[in-house]
Structures are given as structure tokens and as C-alpha cells.
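# Results of the structural survey
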Amino acid sequence: MKKQYLPLLALSALLLTSCATIFSGTRARVIIDGDAPEPLTIVADEQTYDSVPLPASLSIRRDKLTEPITLTSPSYDYADIIPGRNTNLWIWANYFNGFLGLPIDLITGAIYEPAMSRYFISKRSKVESIGAEPLAPVGVSKIVQLPVRREPRLYRHEVDVRVGLGSSVWRGAHDRQVGQFRDMGMEYPEMCGFDVDGATWGIRYFYHISPRVAIGAAFGRAWAYDGLETPYDPEDPDAYALSPYAHVDTQSTFAMPAVKYSWIHEDVYSLYSIAALGAQYSHTWASIHTHEASLFPELRYEHHRQEVFNRKRWKLAPQLTALGFDVGGRHLRFFAELGYGVEGVVNIGLSYRFCRASSK
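For every chain, the first residue of the written sequence is number 1, and numbering continues from 1 onward in sequence order. Totals for whole chains, interfaces and linings use all residues, but because this is a predicted model, local features are given only for residues with pLDDT of at least 70 and pairs of side-chain atoms are given and counted only at 80 or more. As a rule here, side-chain values come from all non-hydrogen atoms in the structure, and water together with hydrogens is ignored.

Numbering of helices and strands runs from the N terminus, with a helix taken as a DSSP run of H or I at least four residues long and a strand as a DSSP run of E at least two residues long. Topologically, alanine 218 is positioned in strand S15 (residues 213-229). Distance in space between the C-alpha atoms of alanine 218 and tyrosine 205 is 6.6 Å, their sequence separation being 13 residues. Only heavy atoms matter for contacts: two residues are in contact if any of them lie within 4.5 Å across the pair. For alanine 218, the contacting residues outside a window of four places in its chain are Ile203, Arg204, Phe254, Ala255, Met256 and Glu343.

Okay, here's the thing in C-alpha cells:
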């Protein structure tokens with residue numbers, strides 16, 4: 001029954017991820033207007049457009065909106081235009097998929113939109129330009145100067161509280177026991193029972209050495225449970241009670257030193273990867289359950305449990321988060337991650353940063 005949902009889940013994930021990229025695309029429309037007595041040569045987004053009359057509509061990559069657009073003509077000098085950028089409101093549609101699509105929007109640049117829909121040129125004749133200061137760029141700001149990029153704030157300490165699914169903690173002993181029960185003819189129940197692919201919770205701490213690099217540690221608990229039962233004949237009312245069923249449980253406690261590298265570091269969001277390797281104490285046990293039931297409900301009903309496997313052991317606890325992102329304020333942010341290891345394949349949680357580093 002689980003396999004029937006896989007195509008539906010895959011289609012839902014495809015439709016609900018990277019909302020800004022889907023609805024806005026990776027390129028934005030910028031309109032340049034104004035008084036231009038002669039056709040212009042425009043260079044924008046590494047493309048050159050010759051003999052362009054105004055108004056002109058340009059298609060520019062959204063992640064290039066802070067780069068200058070240059071305009072030239074035989075008789076006039078023109079100020080560069082720097083479109084500037086604002087946040088594309090379509091990124092908030094990722095709320096409906098747990099913000100799992102936001103990393104794609106970050107990579108494609110679809111999280112941005114032009115600061116204005118139309119930009120007006122500033123010009124002077126080449127004769128007037130002789131010996132004069134170059135024309136300052138124009139764009140989103142009425143202040144005629146190059147925009148100064150402020151460095152994002154750096155907070156030294158970060159504490160994360162997270163939950164996850166898909167932990168690899170029970171791989172090995174747990175899966176072997178499940179396989180043995182399936183070889184005995186047991187199956188996952190259609191309407192009841194559980195098959196949780198590894199749930200986890202934990203706390204992480206990072207100390208940010210620089211805007212890019214942080215070191216710390218992760219602590220947490222992970223567990224998995226599988227319930228299987230023997231198929232029975234629905235026409236026999238006593239078959240269900242007499243059919244044996246099995247439980248397989250695994251629990252683990254782990255601690256791992258970790259390194260975090262931020263590919264993008266901004267005041268309200270970041271894109272990062274995490275690598276961690278430590279130790280975990282794992283406990284796996286399995287049992288078979290049988291019922292003895294009478295045809296007469298007023299008579300005795302007994303339950304028997306037989307433990308068939310019980311193992312405790314220490315082993316390595318790895319976690320590789322290939323892609324993670326956070327979004328929010330300067331201190332409190334929501335984050336989501338994709339990776340593999342004891343913490344899980346999918347992780348979500350809250351991150352809090354404090355103790356701002358002094359600027360040099």
C-alpha cells in the first residue's frame with residue numbers, strides 16, 4: 001500500500017517546490033525609458049544590444065539585478081543603470097511545502113525582483129563630458145551614487161532545535177530482523193500498525209569562526225519502529241486473533257562534532273552544508289506476539305510475547321547535510337535540510353543566533 005502513494009508524493013513534491021522559480025522564472029523584465037535622441041548600444045547581463053530605441057525592454061537574470069547596465073551612443077554619455085532588487089513575494093508560497101523549495105529559488109535567483117518596473121536614463125553630450133566627472137549610476141535610489149553593500153551581521157553563537165525523518169540509525173540489525181519476519185510470511189498491515197522510517201529530535205550548537213565557517217556539535221535521540229503481521233482469511237472471524245504478529249524497535253542516543261559551511265550568508269537567510277561524525281549508542285530488540293482466543297468471548301483471552309532479538313552496541317554516527325537553508329530574522333530563523341545519516345534525510349527546526357561579533 002505504501003508504494004501506491006509514492007507517485008502521488010513525488011508529484012506533490014514537484015508541484016509544491018521552488019514556487020518563485022515556477023511562477024516568476026529565473027529572468028526579470030526591466031524597462032529603460034527616457035529621452036534618447038539617437039539609438040543606443042546597451043550591455044546588460046553579459047549581452048550586447050545594438051541600435052536600441054527607447055523605451056527598451058530587457059530580460060535580465062534575477063541574480064544579476066545589482067550589476068550595472070551600460071548605455072552608449074555616438075554623441076552622448078549616459079549614466080549606468082543599476083536596477084536594484086527587492087524580495088520576490090512568491091518565495092512565501094514555499095510555506096506550503098515546509099520551505100523545502102526555497103534552496104532552489106536561492107540558487108536560481110528567483111527570490112529577487114527588480115526594485116522598480118521602469119528606469120529613466122540620465123545623459124549629457126560628449127562635449128559637456130570633457131573634463132567633467134563621470135556620471136554617477138542611477139537606479140532605485142534618488143541619491144546618485146553607487147550602492148554600498150553592507151556586510152551581513154555575524155553572530156558568534158547558534159543553537160538549533162530540530163526534528164527529522166529518515167534516520168539511518170537502525171540500518172543493519174533492525175532491517176535484518178524485519179527481513180527475517182518477512183521471510184516468515186509476515187507483511188506490513190494494510191489498515192493498522194506503524195512503519196516509521198526513523199524519527200529523530202536533537203539540539204545542535206555552532207560557534208561561527210567567520211561568516212562562512214562554524215564548528216560545533218550535535219546531540220539527540222533517534223528511533224524506528226516496524227510492525228508486521230501474518231495475513232489472515234477475512235472470512236474466518238478467529239483467524240485475526242490467532243495470527244502471530246511481530247515488533248521491531250530501535251532507539252539510539254548520539255553525539256557528533258560538526259562543521260558547517262555557509263555558501264550564502266545574509267541577514268535574513270543563508271544556504272549551507274553540514275558534515276558531522278561521532279558516536280551513537282544503539283539498542284535494537286524484536287519480539288513475536290501470539291493470541292490464544294476462544295470461540296466464546298466470555299472465556300479467557302491470553303496474549304503471549306516472545307523476545308527473539310535484543311542487542312545493544314556502540315557504533316559510528318555520521319551525518320552529511322548536502323543542502324540546508326534558513327530564513328527569518330537576524331536572531332530567530334526557520335530552517336530545513338536534506339541529507340543522510342543519523343539525524344535523518346529531512347530535518348526542520350528553529351535556529352537562534354546571539355552574541356554579535358564586533359566589526360573590524
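Another aspect to go through is helix H5 (residues 173-183). Of all the residues in H5, the buried ones are Ala173, His174, Gln177, Val178 and Phe181. Take H5 and look down its axis: the buried residues cluster within an arc of 135°, on one side only. Under the scheme applied here, a residue whose accessible area is under 20% of the maximum for its type counts as buried, over 50% as exposed, and between as partly exposed, the area being computed with a 1.4 Å probe on protein chains only. Each C-beta atom gives one direction from the helix axis, and the arc is the one those directions make.

Here we come to a nonpolar patch on the surface. Together, Val161, Val163, Trp201, Ile203, Trp223, Leu338, Tyr340, Val345, Val346 and Ile348 make up an exposed nonpolar region whose accessible area comes to about 860 Å². Sorting the residues of the nonpolar patch by element identifies strand S13 (155-165), strand S14 (195-208), strand S19 (332-341) and strand S20 (346-356) as the ones contributing at least two each. If you trace the backbone, valine 345 turns up in the loop between S19 and S20. According to the relative accessible area criterion, valine 345 is partly exposed, its value standing at 34%. Patch definition: residues with relative accessible area over 30% and no salt bridge; like charges joined within 9 Å; nonpolar side chains (Val, Leu, Ile, Met, Phe, Trp, Tyr) joined within 5 Å. To measure how exposed things are, a 1.4 Å probe is used in the Shrake-Rupley method; for residues, cover is taken only from the protein chains shown. Note on definitions: salt bridges are taken to be side-chain nitrogens of Lys or Arg within 4 Å of carboxyl oxygens of Asp or Glu.

A cavity here means a set of points on a 1 Å grid, drawn over the protein atoms and nothing else, where a 1.4 Å probe fits but cannot get out; a pocket is an open set with protein on both sides within 12 Å along at least five of seven lines, and a residue lines either one if it has an atom within 4 Å of a point. Grid points are joined across faces, edges and corners, and a volume is the space filled by probe spheres set on the points. Under the defined criterion, the tally for this structure stands at three cavities of 30 Å³ or more. The computed volume of the largest cavity comes to approximately 60 Å³. Considering the residues around the largest cavity, the lining is formed by Val169, Trp170, Arg171, Ala173, Ser282, Thr284, Arg311, Arg313 and Lys315. Elements with a contribution of two residues or more to the lining of the largest cavity: strand S17 (269-293) and strand S18 (301-328). Estimated volume of the second largest cavity: approximately 50 Å³. Around the second largest cavity, the lining residues are Arg153, Leu154, Tyr155, His208, His265, Asp267, Arg330, Arg333 and Arg353.

Only Phe, Tyr and Trp rings take part, Trp by its six-membered ring, and two of them pair if their centres are within 6.5 Å. Stacked means planes under 30 degrees apart, edge-to-face means over 60, and tilted covers everything else. Evaluated as defined, the whole model comprises four aromatic pairs. Between tyrosine 76 and tyrosine 78 the ring centres are 6.4 Å apart and the planes differ by 50°, which places this aromatic pair in the tilted class. Relative to tryptophan 263, the ring of tyrosine 261 lies with its centre 4.8 Å away and its plane at 75°, an arrangement referred to as edge-to-face. On the accessibility criterion, tyrosine 261 (35% relative accessible area) is partly exposed. Over the face of the ring belonging to tyrosine 112 we find arginine 85, whose NZ or CZ atom lies 3.8 Å from the ring centre. Here the guanidinium or amino end of lysine 260 rests over the ring plane of tyrosine 272, the centre of that ring lying 4.1 Å away. Definition used: whenever NZ (Lys) or CZ (Arg) falls within 6 Å of the ring centre and also within 35 degrees of the ring normal, the charge is taken to sit over that ring.

Below, the discussion takes up unusual backbone geometry. The omega angle of the peptide bond from leucine 54 to proline 55 is 0°, so this bond is cis rather than trans. The backbone of aspartate 45 sits at a positive phi, close to 55°, despite the residue not being glycine. By the element assignment, aspartate 45 lies in the loop between strand S2 (40-44) and strand S3 (47-52). Given the relative accessible area of 13%, aspartate 45 is considered buried. Phi at glutamate 46 takes a positive value of approximately 65°, unusual for a residue other than glycine. Along the polypeptide, glutamate 46 turns up in the loop between S2 and S3. According to the relative accessible area criterion, glutamate 46 is exposed, its value standing at 70%.

Functional significance is not addressed by these values, which are geometric in nature.
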